[in-house]
Amino acid sequence: MSQTVSDELIEMRGLRFHFRDWAAQSTGSPSLVLLHGYTGHARSWDAFAEAMTDRYRVLALDQRGHGESGWASDYAIGEMTSDLEAFAAALGLSGFTLLGLSMGGMVAMDYAGRRPKELAALVIVDIAPEIVASGSARIQQGQKVSDVFASRDEAFAAARAANPVPPEAHHRHRVDYNVMRMQDGRWTWRYDRALRNPAALGRRDTDVGWRSCAEIAVPTLIIRGENSDILSPELAERMVMTIPDASLVTVSGSGHAVPLDAPDRFLAAAREFLKG
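Only a predicted model underlies this, so the values are computations on that prediction, with no experimental measurement involved.

Here we take up the sheet that holds strand 2 (residues 15-22). Taken in spatial order, the eight strands make up an open sheet running 1-2-4-3-5-6-10-11, and their pairing is mixed. The outermost strands of the open sheet, each flanked by one partner alone, are strand 1 (5-12) and strand 11 (246-251). Neighbour to neighbour, the strand axes of the sheet diverge by 20 degrees on average, direction disregarded. As paired strands, strand 3 (residues 31-35) and strand 4 (residues 57-61) are joined by five bridges and run parallel to one another. Bridged to Val33 within strand 4 is Leu59. Its contacts with the sheet put helix 3 (residues 103-113) on strand 3, strand 5 (96-101) and strand 6 (119-125), and the angle it makes with strand 5 is roughly 140 degrees.

In this section: the packing of aromatic side chains. On inspection of all chains with the given rule, the structure shows six aromatic pairs. A ring pair is formed by Phe48 and Phe266, whose centres lie 5.2 Å apart and whose planes are at 50 degrees; its orientation type is tilted. Separated by 218 residues along the polypeptide, Phe48 in helix 1 (residues 46-51) and Phe266 in helix 10 (residues 263-273) bring together distant segments of the chain. Between the aromatic rings of Phe96 and Tyr111, the centroid separation amounts to 6.1 Å while the plane-to-plane angle is 40 degrees, which identifies the pairing as tilted. Taken together, the positions of Phe96 in strand 5 and Tyr111 in helix 3 put the pair 15 residues apart, joining distant regions of the chain. Both residues of the pair, Phe96 and Tyr111, count as buried. Ring pairing ties together the aromatic residues Trp45, Phe48 and Phe266, which thus form one cluster. Seen from the ring of Tyr191, Arg196 lies directly overhead, with NZ or CZ sitting 4.6 Å from the centre.

Moving on to the environment of Gly104. Following the sequence through the fold, Gly104 ends up in helix 3. Note on Gly104: relative accessible area 0%, which makes it buried. Once the C-alpha coordinates of Gly104 and Gly37 are considered, the two residues, 67 residues apart in sequence, prove to be 5.1 Å apart.

Turning our eyes to something else, we now look at empty space enclosed by the protein. What the rule picks out here adds up to one cavity of 30 Å³ or more. Its volume calculated, the largest cavity comes out at about 30 Å³. Lining the largest cavity, in full, are Leu35, Leu61, Gln63, Arg64, Met80, Asp83 and Leu84. It is helix 2 (residues 77-90) that provides the largest number of residues to the lining of the largest cavity, a total of three residues. Classifying every residue of the lining of the largest cavity by side-chain character gives four nonpolar, one polar and two charged.

A word on the environment of Phe149. Among the structural elements, Phe149 can be located in strand 7 (residues 148-149). With a relative accessible area of 4%, Phe149 lands in the buried category. With near-sequence residues (within four places) excluded, Phe149 lies in contact with Glu154, Ala155, Ala158, Arg186, Trp187, Thr188 and Trp189.

About the cut-offs
- Residues numbered from 1 in each chain as written.
- Predicted model: local features only at pLDDT ≥ 70, side-chain atom pairs only at ≥ 80, totals over all residues.
- Heavy atoms only, no water.
- Pairing = 2+ DSSP bridges.
- Helix = DSSP H or I, 4+ residues; strand = E, 2+ residues; numbered from the N terminus.
- Axes fitted to C-alpha atoms, helices over the stretch in contact; angles between N-to-C directions.
- Contact = heavy atoms within 4.5 Å.
- Phe/Tyr/Trp six-rings, centres within 6.5 Å; stacked < 30°, edge-to-face > 60°.
- Buried < 20%, exposed > 50% of the residue type's maximum accessible area, 1.4 Å probe, protein only.
- Lys NZ or Arg CZ within 6 Å of the ring centre and 35° of its normal.
- 1 Å grid on protein atoms, 1.4 Å probe; cavity = no way out; pocket = protein on both sides within 12 Å on 5 of 7 lines; lining within 4 Å.
- Points joined across faces, edges and corners; volume = space filled by probe spheres on them.
- Nonpolar A, V, L, I, M, F, W, Y, C, P; charged D, E, K, R; others polar.

Laid out in structure tokens, this is it:
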């Protein structure tokens, strides 16, 4: 792992946030901000972030209630969008690119739809203002299984049983940084227990979401997993038609968690668009 990355804490809007800050290999490079998905964390971007430092300073934010950021009383997408606005202002970002996966993609769409002058380009990964019903049911069901484990190995085995597709070492890295010890010596997921119920994110008004997409005023790439049960081909095409300057790439062999399932193909698809 490169030594050009630092872990930082920042207080914003009354909460403590953690983010990783990857220095660009060249001075004067623009910034790329990465937003993880529901139950994810900033460390899930480690390999991708390092690969992009030849073109960008990369900032991976632990969103509220996730990773090493503080737990909150409100997890509505609008609150996360306001967190992102505060983050961009606090770091003095301008002309930056935003990439969001799933829940992070919802935040990214909401933010971009406000037409912030600081934003230069956008990547939305496997999400739309609407979610395929079967995928939503799968996520709901997944949160009902046990979230307490005897060891890190047991936590990884559970994650692997739920999704055997990702490269094993890549998957292990994500899980290892998503568990924490409990007082009794067992392990549990690192994100807020309130988020074990996806309803904590609040009900999204799909009409508002589509109107937000129509307001996006920067070049946009939509990345879809070939086998996604969250973003259907029809919804992806509707996004291309709704966002004024949008293109679509489908990553083969991947489900919804595209950067996890197919990291090399995801990197290739993103780099083609992310010129720096």
